[in-house]
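Here's the letter readout for the chains.
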Amino acid sequence: MNSTAIGASPRRIDGRLKVTGAALYTADRSMPGMLHAYGVYSTVASGRITGIDHADARRVPGVVDVLHNGNFPRLYKTPKSPISGATILTASITDEHRLPFEDDTVHYGGQMVALVIADTYEHAREAACRVKVSYDAAQAVIDLEHGIRANGLRDGGSGHARGTPEPVFVASAVRIDAVYRTPVETHNPMEMHATVAWWEGGDLHLYEATQGATVHRNTIALVFGLTPERVTVDCPFLGSGFGSKLFLWPHSVAASAAAKMTGRPVKFVVPRAFMFTTTGQRPETRQRLRLSAGDDGRITSIRHESVNTTSFIEQYVENCGGMTQSLYSCPNVSVTHHTTSVHRGAPTSMRAPGAAPGLFALESAIDELALACQKDPLQFRLDNISTRDESTNLPWSSNYLREAIEVGGRKFGWDQRNPRPGSMTEGTEIIGYGMAACNWDAWRTPSEARVFLRADGTAAVTCAIQDIGTGMYTIVAQTVSELTGLPFEKIDVRLGDSSFPAAPVAGGSWATASVLPAVAEAARHAIAELRTFATGEGGDFAGARPETLRMEGGQLTDGKRRVDYVAVLNKQRFAAAEGFGRTGGAPNLDKLSFMSFGAHFVEVRWDPGISRLWVSRVVSAIDVGRVINPVTARNQVEGAIVMGIGMALFEATEYDERNGMPGNNNYAEYAMPVHADQPQIDVLLLDHPDLEFNEFGARGIGEIGITGFAAAVANAVYHATGKRIRDLPIVKEKLMT
């Protein structure tokens, strides 16, 4: 590498397209002769469909068909394959394994039970409202406690055990035994879930709002009995997904089937209300934490037992204890996971799955344990940092948690904190300081990319990875610029098309670490081909060994003279030098443990006179290895922090006890933080390259900013009010009680 593109913050190359409206999202797409689909959704959460009367619906002008269990084509199920980094490029994964209209059973409220196809969106919606569905309704299991009483618990696996935590807990000087709860959260990305499907010569084409074009292609090909080569999934721009768009949902299958049945393109945009039922959610959790410590303030035992809701269709495990087993040094640890089935749609990954609710519980309990030990919460965490991954008995590839806590604490002014709850005031407001550590797995998966160095002086890069709004277009261009010396405006990046070289899903904070090495390998192979052109017969460096040439600033040089690469191509009459790259997962998994770490510091203000609670200031110090682009990286953490404020103070999907239907299934009633709720945020990126992980030393950054954050807020609320809230969200009613 010979430039300074990596680590810079150039203007986002997709920015102009987005601010001018030139970037087309799935729902923006229109095609000649396109039809529109609108779903009919169940009004009960449990039972059986006894009849569907669509006669009145068919009287609406422009209605082409009404699809349901009685006339939907027979399709194929996909094998349930685990999400494996080693096989992600060939994986087929569904979030709801049940096919649309598979039977007459209603498994959850808001389940799609029919689909109207019409010439316009308005006609399809009007007709859908006229479809009359009758049910033999059954009693719905509506929440976690009801599920446990009705169905008991199912082992969720993913546990961990070391030492003897139970007897050590009993014998320890200080003990904490507490239960923490988190509600259902709904993803609510600004862009709706949407599909535009059409068929040509037996091949299926999709514009799809997806976080994984390659995996979506693989999955829907199996559903229709096609080879992957006969399916194309295209998603150049995505209005975020937070995990809800990682894998296949029923609407994509239904739209594709409707397009095949009608012989015309079909667009299906899922209404906001039914993104609360048919496209996943973070499940409800109940977590019991039992922690103990000795007189010296060292943690002696940790037991983390979690239960989460899942659907009657899928077994989904929220891995709440995944971070618990290795964040702190402790010889006696037990982590267990269980599920219980309720009549809700299938849960799915939501930003930092498992870790976000899990670290709310753990870091709240750690704070409680620190105070029980009469220790400062910051110093208590420093005293218990793990110097190696004790869950695997492997050394960390990189761990700067201590620096994150110390640097973050200094920047925040933690030393000004009066430890007595309610003692810090300003005017009518009581000020609370809270902190929490955070961590997230560093994952890396196989990925492919292709780079062309073209005779017109530009470079082209293709890869099927999505840009989900995080800046992937820009950091891919930075990678090519770093290796070739070409300016950003000369690099054309094309992403999100399954016909491009295969890529993993853009989730789990693994996209950057997985894709950039493949792009770099492809660029090197293109440069290598260029060298063979230059050193071949008639070339500018004829007779020289290719490996003696370097590429700098878009030119080849042997150290004595320089030749523009365009001249090399034109002299040989070649259109481009091409390179393909394919890289694997993280090396040395049997020798090292890879993880990112950080610390959040939060100031809250509570005005009891008007019952106003708000987060006023945040400092987050994050260690994610090398920072490829400081602006986009900081933006990722800032966005995660705001989402963490939502988790801590606002968000909860509420279900009607009478019928199990979500009651606040819209932007007006599902409370989320808005601009007025956003505090002063200071993100400190430590920037320590983890070269054991990949050549760039970069780990993922999308998830870690939300992990632990809700606990930092809860800990600050306790410091301000003296009330320990263990049940999210922390609304003012809980402080007033």
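Computed from a prediction, not measured in an experiment: that's the story for all the values here.

**Some points on the overall build of the protein**
Helix and strand counts for the protein stand at 16 helices and 30 strands. Taken against the 2.2 N^0.38 rule, which gives 27 Å for 737 residues, the C-alpha radius of gyration of the protein at 27 Å falls within 12% of a compact globule. Overall size of the protein, expressed as C-alpha extent along the three principal axes, is 80 × 75 × 50 Å. By the burial criterion, 61% of the 737 residues in the protein qualify as buried. Counting only carbon and sulfur atoms, one obtains 49% of the accessible surface of the protein, whose full area is about 26,900 Å².

**Here we look at the layout of surface pockets**
Roughly 430 Å³ of internal volume is contained in the second largest pocket. Around the second largest pocket, the lining comprises 21 residues; the ones closest to its centre are Asp441, Ala442, Trp443, Leu589 and Phe594. Grouping the amino acids of the lining of the second largest pocket by side-chain chemistry returns nine nonpolar, nine polar and three charged. Composition of the lining of the second largest pocket by domain shows at least three residues from each of domain 1 (14–22 + 444–583) and domain 3 (285–442 + 589–735).

**Section: the packing of helix H11 (residues 472–484) against helix H12 (residues 511–535)**
Contact geometry of H11 with H12 gives a least axis separation of 9 Å together with a crossing angle of 35°. Here the hand of the crossing between H11 and H12 comes out right-handed. Facing Met472, Ile475, Val476, Thr479, Val480, Leu483 and Thr484 of H11, the residues of H12 in contact are Ala511, Thr512, Val515, Leu516, Val519, Ala520, Ala523, Arg524 and Ile527. Taken together, the residues of the contact of H11 with H12 break down into twelve nonpolar, three polar and one charged.

**Side note on the nonpolar core**
Leu369, Ile405, Phe601, Val602, Val604 and Val713 are the most contacted members of the largest nonpolar core, which has 91 residues in total. With ten residues, helix H8 (residues 355–372) is the largest single contributor of residues to this core. Ignoring sequence-local partners within four residues, the contact set of Val604 consists of Ile430, Ile431, Gly432, Leu613, Trp614, Val615, Ser616, Val713, Ala716, Val717 and Ala720. Phe237, Leu453, Val461 and Val493 belong to the second-largest nonpolar core, a separate cluster that totals 54 residues.

**Notes on the domain arrangement of the protein**
The figure often quoted for interface size is the accessible area lost as the parts come together. Taken domain by domain, the protein holds domain 1 (14–22 + 444–583), domain 2 (28–139 + 187–279) and domain 3 (285–442 + 589–735). Here domain 1 and domain 3 have C-alpha centroids that lie 39 Å from each other. The interface of domain 1 with domain 3 comprises 15 residues on the first partner and 15 residues on the second. Both sides together, the interface formed by domain 1 and domain 3 hides about 1,200 Å², and carbon and sulfur atoms give 54% of it. Ranking the residues of domain 1 by area buried against domain 3 places Arg444, Thr470 and Ser509 at the top, with a combined share of 38%. Our count for the contact surface shared by domain 1 and domain 3 stands at one salt bridge. Arg524 is paired through a salt bridge with Glu695; the nearest N and O atoms lie 2.5 Å apart. Across the domain 1-domain 3 interface, the total number found is seven residue pairs in polar contact (both at pLDDT 80 or more). Looking at which element gives the most residues to the side of domain 1 that touches domain 3, the answer is H12, with six residues. When grouped by side-chain class, the residues that make up the side of domain 1 that touches domain 3 number five nonpolar, eight polar and two charged.

**Thoughts on unusual backbone geometry**
Here the bond from Leu728 into Pro729 is cis, since omega is -5°, no more than 30 degrees from zero. A positive phi is found at Ala352, a non-glycine position, where the angle reads about 60°. The residue Ala352 is located in the loop between strand S16 (333–341) and H8 in this model. The phi torsion at Arg573 lies on the positive side, around 60°, for a residue other than glycine.

**With respect to the pattern of salt bridges**
Following the criterion strictly, the structure yields 44 salt bridges and no others. For Lys132, the salt bridge is made with Asp56, and the minimal N-O distance between the two is 3.8 Å. Of this pair, Lys132 sits in strand S6 (residues 132–137) while Asp56 sits in the loop between strand S2 (47–53) and strand S3 (63–67), placing them 76 residues apart in sequence. With a relative accessible area of 47%, Lys132 lands in the partly exposed category. A relative accessible area of 24% means that Asp56 is categorised as partly exposed. In this structure, Asp203 engages Arg230 in a salt bridge whose closest nitrogen and oxygen atoms are separated by 2.6 Å. With Asp203 in strand S11 (residues 203–208) and Arg230 in the loop between helix H5 (213–223) and strand S12 (231–234), this pair connects stretches of sequence that are 27 residues apart.

**Observations regarding the pairing of S11**
S11 sits mainly inside the fold: five of its six residues count as buried. As paired strands, strand S10 (residues 194–200) and S11 are joined by six bridges and run antiparallel to one another. Among the inter-strand pairings, Trp199 is bridged to a residue of S11, identified as Leu204. The turn joining S10 and S11, which pair antiparallel and follow one another in sequence, is formed by two residues; a positive phi near 55° is taken by Gly201. Pairing of S11 with S12 involves four bridges; the strand directions are parallel. Within the sheet, the bridge partner assigned to His205 lies in S12 and is Thr232. A crossover connection joins S11 to the parallel S12 through H5; in handedness this β-α-β unit is right-handed.

Rules used throughout
Each chain has its residues counted from 1, following the order in which its sequence is written. Thresholds applied to this predicted model are a pLDDT of at least 70 for local features of residues and 80 or more for the giving and counting of side-chain atom pairs; totals over whole chains, interfaces and linings are not thresholded and use all residues. Heavy atoms from the whole structure form the basis of all side-chain values; hydrogens and water molecules are not counted. Put simply, DSSP marks the helices as runs of H or I at least four residues long and the strands as runs of E at least two long, and each gets a number from the N terminus on. Each radius of gyration is computed over the set of C-alpha atoms, and the globule rule expresses the reference value as 2.2 Å times the number of residues to the power 0.38. A 1.4 Å probe rolled over the protein chains alone gives each residue an accessible area, and that area as a share of the maximum for its type sets the label: buried under 20%, exposed over 50%, partly exposed in between. Here the accessible surface of atoms and residues is derived via Shrake-Rupley with a 1.4 Å probe, and residues count as covered only by protein chains that are part of the display. Lining residues are defined by having an atom within 4 Å of a point belonging to a cavity or pocket. Those points lie on a 1 Å grid over the protein atoms alone, cavities being sets where a 1.4 Å probe fits but cannot get out and pockets being open sets with protein on both sides within 12 Å along at least five of seven lines. Grid points are joined across faces, edges and corners, and a volume is the space filled by probe spheres set on the points. When residues are sorted by character, Ala, Val, Leu, Ile, Met, Phe, Trp, Tyr, Cys and Pro go into the nonpolar class, Asp, Glu, Lys and Arg into the charged class, and all the rest, Gly among them, into the polar class. Note that the domain bounds were set by an automatic or database domain assignment. Axis geometry follows a simple rule: fit a line to the C-alpha atoms, using only the stretch in contact for helices, then measure angles between N-to-C directions, giving values from 0 to 180 degrees. A clockwise turn of the near helix away from the far one marks a right-handed crossing, whereas an anticlockwise turn of less than a right angle marks a left-handed crossing. Any two residues whose heavy atoms approach within 4.5 Å at even a single point are treated as in contact. In this description, a nonpolar core means a group of buried Ala, Val, Leu, Ile, Met, Phe, Trp, Tyr and Cys residues linked to one another through side-chain atoms lying within 4.5 Å. The quantity reported as buried area is the accessible area (1.4 Å probe) lost by two parts once they are put together, taken as the sum for both. The rule for a salt bridge is simple: a side-chain nitrogen of Lys or Arg has to be within 4 Å of a carboxyl oxygen of Asp or Glu. Any pair of N or O atoms that falls within 3.5 Å is considered a polar contact. Within protein, one atom must be able to donate a hydrogen and the other to accept it, and sequence-neighbouring residues count only if both atoms are side-chain atoms. Any two strands are treated as partners once DSSP identifies two or more bridges connecting them. We call a crossover right-handed when, viewed with both strands directed away from the observer, the connection leading from the first strand over the helix to the second proceeds clockwise.

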